[in-house]
Amino acid sequence: MDEIKGFFKQAGKEFLNAAGDAAMGAAKEVMGSVINEIFIKKEAETKRILPSIKNMRVVSKRTQLLGETAAYSHRPRQDIQDFDTIRQQCLNSGSLFEDPLFPASDESLMFSRRPDRYIEWLRPHEICDDPQFFVEGYSRFDVQQGELGDCWLLAAAANLTQDSNLFFRVVPPDQSFEENYAGIFHFRFWQYGKWVDVVIDDRLPTSRGELMYMHSAERNEFWSALLEKAYAKLHGSYEALKGGSTCEAMEDFTGGVTEWYDLKEAPQNLFSILAKAAERNSMMGCSLEADPNVLEAETPEGLIRGHAYSITKVCMIDIATPNRQGKIPMIRLRNPWGNEAEWNGPWSDGSPEWRYIPDDQKHEIGLNFDRDGEFWMSFQDFLHYFERVEICNLSPDSLTESQQNDGKRKWEMSMFEGEWTPGVTAGGCRNFLETFWHNPQYVITLEDPDEEDDDGKCTVIVALMQKNRRSKRNLGMECLTIGFAIYHLNERDLQVRPQGLSFFKYRSSVARSPHFINTREVTARFKLPPGHYLIVPSTFDPNEEGEFIIRVFSETQNNMEENDDHVGYGDSEDNDNRPGGLYPNMPSPVAPPVDPQKEALARLFKCVAGADMEVDWMELKRILDHSLRDVMTATPEGFSKDICRSMVAMLDVDKSGKLGLEEFEALLTDIAKWKAVFKIYDVHQTGRIDGFQLRQALNSAGYHLNNRILNALVHRYGSRDGKIAFDDFLMCAVKIKTFIDIFKDKDTENTETATFTMDEWIESTIYS
């Protein structure tokens, strides 16, 4: 203690003898020594109590201000076109709508090359004399394929016509070429959890006066061609629709979840699965593998390889032969070409097998032998000749009340949005165990088994979909390789949010996606006993960036929530008793008044602060640049004025832009703690920590954050390689603490809600 007194006595003399710039330099050196004394002491305390800090669980209120919402607030807003407003403007002006967001140009057609011929964009009344939106209603036969390789889209569109409720949700009936015609139309598609309205003009690409792409069998019917154009606009161009899965379009038309089966490895109960799907109005499609040497090659049986077919009926049909009577499982399919390219084997149009089916049964199933692309097959032939089947299970809101009254069943559904951010929440698959636990985690609770399940288990369909990949194909962005794993949780496990490395090190998954695959969505069906389960969605490799939605369908009720931390720091007593709020279990860093170090700090503060007796951001920067050189190796130029100003703002109650003695002392104490934590995680002393360590480092500093906030922090403060420098780490800590304090000051009744006027919010956020 005598040595400390001597140090400060000598320091005071050195300061009093300095003048002008030299005075500031001397003050900085002496202050640096004082700060270093505080930092050394705090680092020792931190190392001593770090194990308890790491395991500390803070019960705090959910802070919506910092991102505890289901939607991402930082996503860019897209241009919004209101159909009714634009149509009325065109009617008032007597003009036809020309869409500036999807112009009649080559860029709307394709992104990889230029057209091989002259393309003329014509409106329907320039193509025929009497254009109609619908001609004698709509049906699956209105969907004919053109030159674009989007048979997957056509197969889904043909299926869509089977259900008027679904059809008119996608194709609004409030439009025509007669009443209120203004050259504008609109369609609705499901996109990643919400329905979006896509507005288009009716200029369509033609060659020699004929439509090039999707069209109707009736030359003057245009709903299908306009639907295709709206879908092309949604994804950026017509070319973006080239190649795809019927699953994708069926989901965009319904908001449902699609699963697919390899028919060479079909489950024993596949026909039952298809029949149950039909009971729930599911949309279904199938296909054969493509011939690599021939585009859409035809087989001897009349089927087209690499081509998508829609399944329009699944049923057991009565059959009566001279020797026996019974039922036979049958499938009705349709080729979206809508022509004579049909199956020519058993049960094909006009084949002799149909003479064994009673006439009333033929009438019941609507049998006809038109050369319209539709045909029947026995289920056994279907398994033999087709290779893949897709089922789109409809979301609960897709069934009308009347359909439910007619016995149609509906699924129960839960859904969450999430993202993988490199260095934070993009942990890769379980092959990368050290980072796997950083992936987003979700808990589902299954309470009741299926009504008709003899084993007391629950049917669960888990679907992981990556967002916005097809629309960015023109930027070279292809689908990530994605999948998921499912783990059983006991009651004790439910207390941990999120599960850490040790959980995954010693637990095996009880189910997982069948593959990690680079498709838009990965889906799998499981039979699980009632209980609690953890779902971990991931990319195959770590540090791959992407957004996703995860959905769970079940026959009985399921409850789903994110397995993530609540937002907060410290506890209420510590928060109100600053500056020790970050460490509930740490002794107060402020010593009794007789502490020589405190007295010396006060004397030196007077000299550094100047006549106004306050420290501004420039004075703070000079002090910190000198005192924290050892951890600023990644930023040798020192602290930015932005972070210095933010640190001042964190404790500047009167918004003067300066700190008084107590505020200055509290700030140094916080910085000392943050530095001590940072050095523990910066094991190689590079002045940077890995983004995957950010959650643990901030937890060690007393913070509890969820994935959304961690992602936002790394997006804002991380480097390209996912590293966090010391000054950026300080900025993270400062910003979070400041905004939580702003929120809590307004949440006076502890209702987890804060109300701000526009002026208050702008003032608070700009200054901080």
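Keep in mind it's a predicted model, so treat the numbers as computed, not measured.

*Asks:* Before we move on, can you summarise the overall build of the chain with the specific residues and values?
*Replies:* The secondary structure content of the chain amounts to 24 helices and 24 strands. Taking all 768 residues of the chain together, 54% fall into the buried category. Put simply, of all contacts in the chain between residues at least 6 apart along the chain, 76% involve residues at least 24 apart.

*Asks:* With reference to specific residues and values, describe the nonpolar core.
*Replies:* Nonpolar side chains in soluble globular proteins generally cluster together in the buried interior. Core analysis: the largest hydrophobic core is formed by 53 residues, its most contacted members being F639, M647, W674 and F729. Those elements that place two or more of their residues in this core are α17 (596-609), α18 (617-627), α19 (641-651), α20 (661-681), α21 (694-700), α22 (707-717) and α23 (726-746). Discounting residues that sit within four places of it in the chain, M647 has contacts with L620, L624, F639, L667, I671, L730 and V734. Core analysis: the next-biggest nonpolar cluster, separate from the first, contains 49 residues, V143, L148, F185 and I200 among them.

*Asks:* Talk me through α19; I want residue IDs and the actual numbers.
*Replies:* Of all the 11 residues making up α19, 8 are buried; the element is thus mostly covered by neighbouring parts of the structure. On its buried side, α19 packs onto α18, α20, α23 and α24 (758-767).

*Asks:* Got a sec to walk through the confidence of the model for the chain? Specific residues and values, please.
*Replies:* Close reading of the predicted structure is inappropriate where its pLDDT is low. With 84% of its residues at a pLDDT of 70 or more, the chain has an overall mean of 83. In this model, residues 1-28 is a region of pLDDT below 50 whose contacts with residues beyond four sequence positions or in other chains number 23 contacts. Confidence over residues 52-78 falls short of pLDDT 50; this stretch has 59 contacts with residues more than four positions distant or in other chains.

*Asks:* Could you give me a rundown of the pattern of salt bridges, with the residues and numbers involved?
*Replies:* One side chain can pair with another of opposite charge once the charged atoms of both are near each other. As enumerated under the stated definition, the model contains 38 salt bridges in all. The partner of D670 in a salt bridge is K673, and the shortest N-O contact between them spans 3.5 Å. Of the two residues, D670 and K673 both sit in helix α20, 3 residues apart, roughly one turn of that helix. Considered together, D670 and K673 belong to a single accessibility category, that of buried residues. The network of salt bridges with shared partners includes E251, D252, R520, E521 and R551.

*Asks:* Outline the sheet that holds strand β10 (residues 374-378), listing residues and values.
*Replies:* Spatially, β6-β11-β7-β8-β9-β10 is the arrangement adopted by the 6 strands of the open sheet, whose pairing is antiparallel. The open sheet has two edge strands with one neighbour each: β6 (257-262) and β10. Between one strand axis and the next, the sheet turns through 35 degrees on average, direction left out of account. Here 6 bridges tie β6 to strand β11 (residues 388-393), and the two strands are oriented antiparallel to one another. For Y261, the partnering residue across the bridge sits in β11 and is V389. Packed onto the sheet, helix α9 (residues 246-254) meets β6, β7 (283-287), β8 (308-320) and β11 and runs at close to 15 degrees relative to β11.

*Asks:* For the pairing of strand β2 (residues 184-191), give the residues involved together with the corresponding values.
*Replies:* The buried count for β2 comes to 7 of 8 residues, which makes it a mostly enclosed element. Relative to strand β3 (residues 194-201), β2 runs antiparallel, the two sharing 8 bridges. Each residue of the ladder has a partner; that of F185, found in β3, is I200. Taking the residues between adjacent antiparallel strands as the criterion, β2 and β3 are bridged by 2 residues, where Y192 takes a positive phi near 55 degrees.

*Asks:* Describe a negative patch on the surface, and please don't skip the residues or the numbers.
*Replies:* Together, D129, D130, E178 and E179 make up a region of like negative charge exposed at the surface. Topologically, D130 is positioned in the loop between α5 (124-127) and α6 (151-160). Classification of D130 by relative accessible area gives partly exposed; the value is 44%.

*Asks:* Report on the packing of α18 against α19, specifying residues and quantitative values.
*Replies:* Any two packed helices are characterised by how steeply their axes cross, that is the angle between the axes, and by the distance between the axes. Where α18 contacts α19, the two axes come as close as 9 Å, and the packing angle between them is 110 degrees. One finds that α18 runs roughly perpendicular with respect to α19. When you trace α18 past α19, the crossing you get is right-handed. Each of W617, L620, K621 and L624 in α18 lies in contact with α19, whose residues at this interface are K641, C644, R645, M647 and V648. Across the contact of α18 with α19, the residue classes break down as 6 nonpolar, no polar and 3 charged.

*Asks:* A description of the side chain of S414 should follow, citing residues and the corresponding values.
*Replies:* Mapped onto the secondary structure, S414 falls in strand β12 (residues 412-420). The class of S414 is buried, set by a relative accessible area of 11%. Of note is the side chain of S414, whose polar atom sits 2.6 Å from the side chain of N558. Setting aside its immediate chain neighbours within four residues, S414 contacts I550, R551, V552, N558 and M560.

What counts and how
Residues numbered from 1 in each chain as written. Predicted model: local features only at pLDDT ≥ 70, side-chain atom pairs only at ≥ 80, totals over all residues. Heavy atoms only, no water. Helix = DSSP H or I, 4+ residues; strand = E, 2+ residues; numbered from the N terminus. Buried < 20%, exposed > 50% of the residue type's maximum accessible area, 1.4 Å probe, protein only. Contact = heavy atoms within 4.5 Å. Core = buried A, V, L, I, M, F, W, Y, C linked by side-chain atoms within 4.5 Å. pLDDT = per-residue confidence, 0-100. Salt bridge = Lys/Arg side-chain N within 4 Å of Asp/Glu carboxyl O. Pairing = 2+ DSSP bridges. Axes fitted to C-alpha atoms, helices over the stretch in contact; angles between N-to-C directions. Patch = residues over 30% accessible without salt bridge, like charges linked within 9 Å, V, L, I, M, F, W, Y side chains within 5 Å. Areas by Shrake-Rupley, 256 points an atom, 1.4 Å probe, with all protein chains shown as cover. Lys, Arg positive; Asp, Glu negative; His and termini not counted. Charge placed at Lys NZ, Arg CZ, Asp CG, Glu CD. Parallel < 35°, antiparallel > 145°, perpendicular 65-115°, else oblique. Left-handed = near helix turned anticlockwise from the far one by under 90°. Nonpolar A, V, L, I, M, F, W, Y, C, P; charged D, E, K, R; others polar. Polar contact = N/O pair within 3.5 Å; in protein donor to acceptor, adjacent residues only side chain to side chain.

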